[in-house]
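Summary of the model geometry
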Amino acid sequence: MKATDKKHLLPILGAILLAVSPHLFRLPPWIVIWCLAFWAYVLAASKNNWYRPGRTILVILTIGGFIGGLATYGFKFNLDTGVGLLAVMLGLKPFEMKTHRDRMVTLFLVYFLVITNLLYSNNLVMSLFMFASVLLATAVLIRINHPSGSFAANLRLSGVIMVQALPMMIVLFFLFPRIQGTLFGMSNQSIAITGIGDRLSPGSISKLVLSDEIAFRAEFKNSIPGPDRLYWRGIVFQHFDGKTWSRGQTRPVRQAPVSAGSTVGYTLTLEPQGEKWLFALDMPITSPPMARMQNDHTLMAYRKLKARIRYNVISQTTYNTGDFKSEERTALILPAQGNPKSTALARSWADTFDNPAKIVNKALEFFSQNDFVYSLNPPLLKEDAIDDFLFKTRKGYCEHYASAFAFLMRKAKIPARIVGGYLGGELNPYGNYLIVRQSDAHAWVEVWLPARGWVRIDPTSAVAPERVEQGFEAALPPEELEGFFLLKHLGPLQSHLKKIIFRWDAANNYWNQWVLGYSYQRQRELLAQIGINIGSWKGPVKLILLVLGLISFFVFLISMRLFKTPVAKTDDVQRCYVKFCAKLTRVGLTRKPGQGPVDFAKTAIDLRRDLEVNIQEITDLYVLLRYARGGDENALKKFKERVKEFAPKPTI
Amino acid sequence: MKFLSFKLFNKGSTSKPFITLPFTLSRKRIYILPTRHGWVFILVLLAMLIGSVNYKNNLGFLLTFLLGGMAFVSIFHSYRNLLGMQILAVAAQPVFAGDRAVFKFSIRTKEKARAAVAISLPNAEKIVKDFDANKDNWLRIPVAANQRGIFRPGSLLIATQYPLGLFRAWSTIRLDAQCLVYPRPLPGPLTTADDTGAVNGEEGRDIPGAEDFQELKSYQQGDPLGHIAWKVLSRGQGLFTKMFVAQAGSTAMLDFDALLEPNAERKLSRLCAMILQACSHNLVFGLKLPGKVIDPNRGEVHRQQCLKALALYAITDTITLERKQKGKNVL
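Residues numbered from 1 in each chain as written. Chains lettered and ligands numbered in written order. Predicted model: local features only at pLDDT ≥ 70, side-chain atom pairs only at ≥ 80, totals over all residues.

**What about the overall build of chain A?**
A tally of regular secondary structure across chain A gives 23 helices and 17 strands. Look at the contacts in chain A between residues 6 or more apart in sequence, and 72% of them connect residues 24 or more apart. (Helix = DSSP H or I, 4+ residues; strand = E, 2+ residues; numbered from the N terminus. Contact = placed C-beta atoms within 7 Å.)

Printed below as a string of structure tokens:
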């Protein structure tokens, strides 16, 4: 093994390791071991001159690795398989890095590895990782092209090049034409998705509560409504089969709730949930361009949401949806069989009260007065789940209460349906926006009341009013909170940590909005703002001119920096000497261009014998300081003084 | 920008005049194109761009444009790595055919340090070197010189792939570098024109010329060390060379036409060997070539004169060499 190979091996392995590190948790364990073991061996082998496998063995290992990869992933070629095989290859690559070409190709693979990470995750951490990884890989690239430099110098130059490339990156990022839709109909399925599904059954909300993941962020144009109004409506469940609620048929409408209430406008940045529903405060009256308003007052996107989107909505927090429509009859349908006790209870209310509002109140009373417990760990429900819950277990989370309440209402001939969404949100003081997490997931009920239309009833609030005001943590019994949200138990540290977390989230939010949320739509808006209409034929021409102009400008700036001839560094010595020469010029002794100091001194002394001592002394000091580099601080001081004192008088 | 207009066929046609030294690498002289790896990298970037467009991955866009920008910026760094470099002078000591002519270049970096600059002559191994700022550097490039005469190694190529290896900046410089190449010495007996018998210095009788001391002459460079009057020197009276008078009969005339070799090149090689032999014995000798006679003499200058006459025998292209001898390009 040649010395240069050894020299390059460690940096290249470092670059590979950094680039592959986010994958290590995703890759099958055997590939991780495969890579780490080979890299450790190749490193040790280069140090101790151990055996290094020849070409034949490498080919066999490669084939073996590929077969292993295909056995693990099967024969479907998706992102996971691609990354797995890339890792298998990179595990063996360090054995074959004898030539400059091998090393260059390996580093290109490293760059490629970086982009594969971005397809899995694209948050702020990943962005920082991307820059760090490119910085290191480029430093190694510089190293293999300039082996004699120090690694610190390589890193520094890599940083310089990166900083100089940033303006161009920004220009191209914002102005490179984006398209709508995808190129080959492929899309990214790998980002893990959590959120409210299209079915509601016991457990479907409470499992989300354990997730601290962010569902969306909402920035309000004006003040934020009170906590009792922060019901984020997502999906409406109409059908009930005795155990599970599911969405019914909806159709797009243009109508808005009938009301004169005040409106509230806000911008929502929704994390991808893989579903079509957008979230909005009860009740949305406008629909963003990527979605349509449905007749159940939900916003339904045209496509499933697989990327983060950002949209504006206006809502009315007091509303009246008007008359009952015939198509809303599904809100009365229940399975004919089952839950006899609950049915009897509802019927008795219907017989007793003539006013639906009174029945609603009676039902809420029933929940609040019968020792119902708000809990994340309710007992399993048997056949006749509603009966079981209402009369036996009496322990449940919001979906239990909503489900039972809607059931009772329908049995009492009051139209009712369940709304799934989020409740509340946490204000980030550093960005003045609300963070709504998966743990804020909630389900509530809407009943139709004459003259008032669909009215929101939250049966959970009858059991645990704190849930609405302070979030689920306040509503749950303390023993159920153990294990999660350790933050709560950190005492005085908590507030500091909370601050850091808020700041971090604010940074994430800005990054999401300005970088990750940038899209075809926003590019059009941006271009329109600077007067470029991409639709007309002039648009693209202007855009190209703009991009070229900006890049030329940055090139100019870079050139200024790179190619400026450093004005022969006028250090102290030089500056002083120039002063001395200027003094002599004033008395008619001019130094010719290119004339050396000793030569100049001779000429000057020939003409002005009276200045001989001064000129000679200064020149000697100058020569000592500048050329012999033998001068110390004292000599410099003396030199400066002499030049300062030197005051030749013109000859008469 | 001027340097972006690439010139693809920059091999340097022979009709172009030589550049004069000192020479500074200016903007117009430097060309830049992607290396093979650079093209591969551009393909990788294109793949990344297509992936980013397809997956609408904004971080992917960011990475692609960052890498693209860095590659683009590296062009300027490569360019800067060469710009303003100066070649102050070039020189080469005469060699015998079959030896390697060593061309010494004096290179000034000016105020910028230069990293991994490859400098090469045709048919010579390229030298990759870092240069410190504000320093004059000597660079030695050996090239095989196989032909008697004036050896011109061709254009000097200065190139760099620094910093990323994706682009190569280069400049070919038609330098007037040349090296005098003496014939390859062909060993054999020392044959002279007036003495048909062989004079063999190695095993035959003593060469008389070295015997008879005549006078002291002030030392001149090239006088044999063995003839220095050390005693005089040790007395502090200066450096003198003892002059000897060779016997009249020992003045050798090395005659081209008297040689029985089959062709001119062999004759020249034989003469070359004889000159070396004669010099090593400090013989007084002359050289007779068709059309040129060098009177008998001895010493280093005489030796060089004779060898040069052999090197340039029947070679017309002597103009630049003469100019060089006058000291124009000599250091």
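**Regarding the overall build of chain B**
Helix and strand counts for chain B come out as 6 helices and 17 strands. Put simply, of all contacts in chain B between residues at least 6 apart along the chain, 69% involve residues at least 24 apart.

**Describing the sheet that holds strand E3 (residues 86–92) of chain B**
Spatially, 4 strands are ordered E1-E3-E5-E8 (chain B) in an open sheet, and the strand pairing comes out antiparallel. Each of the sheet's edge strands pairs with one partner strand only, and the pair in question is strand E1 (23–24) and strand E8 (136–144) of chain B. (Pairing = 2+ DSSP bridges.)

**Comments concerning the pairing of strand E17 (residues 453–457) of chain A**
In the sheet, strand E16 (residues 441–449) of chain A pairs with E17 of chain A via 5 bridges, with the strands oriented antiparallel. Bridged to Val447 of chain A within E17 of chain A is Val455 of chain A.

**Topic: the packing of helix H20 (residues 572–586) of chain A against helix H22 (residues 612–626) of chain A**
Two packed helices can be described by the angle between their axes and the distance between those axes. Residues and elements named next belong to chain A. In the contact formed by H20 and H22, the axes pass within 10 Å of each other and the chain directions differ by 155°. When the interaxial angle is binned, H20 and H22 end up roughly antiparallel. Handedness of the H20/H22 crossing: left-handed. In this structure, H20 uses Val573, Tyr577 and Phe580 to contact H22, whose residues at the interface are Ile618, Tyr622, Leu625 and Arg626. Each residue belonging to the contact of H20 with H22 can be placed in one class, and the counts come to 6 nonpolar, no polar and 1 charged. (Axes fitted to C-alpha atoms, helices over the stretch in contact; angles between N-to-C directions. Parallel < 35°, antiparallel > 145°, perpendicular 65-115°, else oblique. Left-handed = near helix turned anticlockwise from the far one by under 90°. Nonpolar A, V, L, I, M, F, W, Y, C, P; charged D, E, K, R; others polar.)

**Section: the interface of chain B and chain A**
Each partner contributes to the interface: chain B provides 39 residues, whereas chain A provides 47 residues. Every element with two or more residues in the side of chain B that touches chain A is listed here: helix H1 (36–55), helix H2 (58–82) and strand E6 (114–120) of chain B. The greatest single-element share of the side of chain B that touches chain A, amounting to 17 residues, is contributed by H2 of chain B. Per-class residue counts for the side of chain B that touches chain A are 24 nonpolar, 11 polar and 4 charged.

**Re the nonpolar core**
Among the nonpolar cores identified, the biggest contains 126 residues, and Ala137 of chain A together with Leu63, Phe103 and Val181 of chain B are the most heavily contacted of them. A per-element tally of this core places H2 of chain B first, with 15 residues. If sequence neighbours within four positions are ignored, Val181 of chain B has contacts with Pro94, Val95, Ala97, Ala101, Ala145, Gln147, Arg148, Gly149, Phe151 and Ala311 of chain B. Ranked by size, the runner-up nonpolar core spans 78 residues in total, among them Ala280, Met293, Phe405 and Met409 of chain A. (Core = buried A, V, L, I, M, F, W, Y, C linked by C-beta atoms within 7 Å. Buried ≥ 20, exposed ≤ 12 C-beta atoms within 10 Å, placed from the backbone.)

**Remarks on the sheet that holds strand E4 (residues 95–96) of chain B**
Spatially, 3 strands are ordered E4-E12-E9 (chain B) in an open sheet, and the strand pairing comes out mixed. The open sheet is flanked by E4 and strand E9 (149–151) of chain B, the only strands paired with a single partner.

**Some thoughts on the packing of helix H4 (residues 264–280) of chain B against helix H5 (residues 300–311) of chain B**
All names here are of chain B. Orientation of H4 relative to H5, taken along the N-to-C sense of each, is 175°, at an axis distance of 10 Å. The orientation of H4 relative to H5 falls into the category roughly antiparallel. Together, Leu268, Leu271, Cys272, Ile275 and Cys279 of H4 and Arg303, Cys306, Leu307 and Leu310 of H5 make up the contact between the two elements. Here the contact of H4 with H5 is built from residues that sort into 8 nonpolar, no polar and 1 charged.

**Re the pairing of strand E15 (residues 433–437) of chain A**
All names here are of chain A. Counting buried positions along E15 yields 5 of 5 residues, so the element is predominantly enclosed. Burial of the side chains of E15 extends over both faces: Tyr433, Ile435 and Arg437 are buried on one face and Leu434 and Val436 on the other. Sheet topology note: the strand E2 (residues 214–220)/E15 ladder contains 5 bridges and is antiparallel. If you follow Glu219 over to E15, its bridge partner there is Tyr433.

**Quick look at helix H10 (residues 356–369) of chain A**
All names here are of chain A. Under the 1.5 Å per step criterion, the end-to-end length of H10 is 20 Å for 14 residues, consistent within 8% with the ideal 20 Å. Buried positions along H10 lie against helix H9 (340–352), helix H12 (398–411), E16, E17 and helix H13 (459–463). Asp371 lies just past H10 and shows a positive phi near 55°. (Expected span 1.5 Å × (residues − 1).)

**Quick word on the confidence of the model for chain A**
All names here are of chain A. Summarising the model, chain A shows a mean pLDDT of 84, and 91% of its residues fall at 70 or more. Taken element by element, chain A is modelled with least confidence in helix H16 (residues 478–481), mean pLDDT 58, and with most confidence in helix H6 (residues 124–145), mean pLDDT 94. For residues 186–192, every residue scores under 50 in pLDDT, and the model assigns this stretch 13 contacts once sequence neighbours within four places are set aside. (pLDDT = per-residue confidence, 0-100.)

**Comments concerning unusual backbone geometry**
Cis geometry marks the peptide bond from Asp282 of chain A to Met283 of chain A, where omega comes out at -20°. By the secondary structure assignment, Met283 of chain A is in the loop between strand E7 (280–281) and strand E8 (291–293). Here Tyr162 of chain B and Pro163 of chain B are connected by a cis peptide whose omega angle stands at 5°. Among the structural elements, Pro163 of chain B can be located in the loop between strand E10 (156–160) and strand E11 (167–173). With a phi close to 65°, His297 of chain A is a non-glycine residue in the positive phi region.

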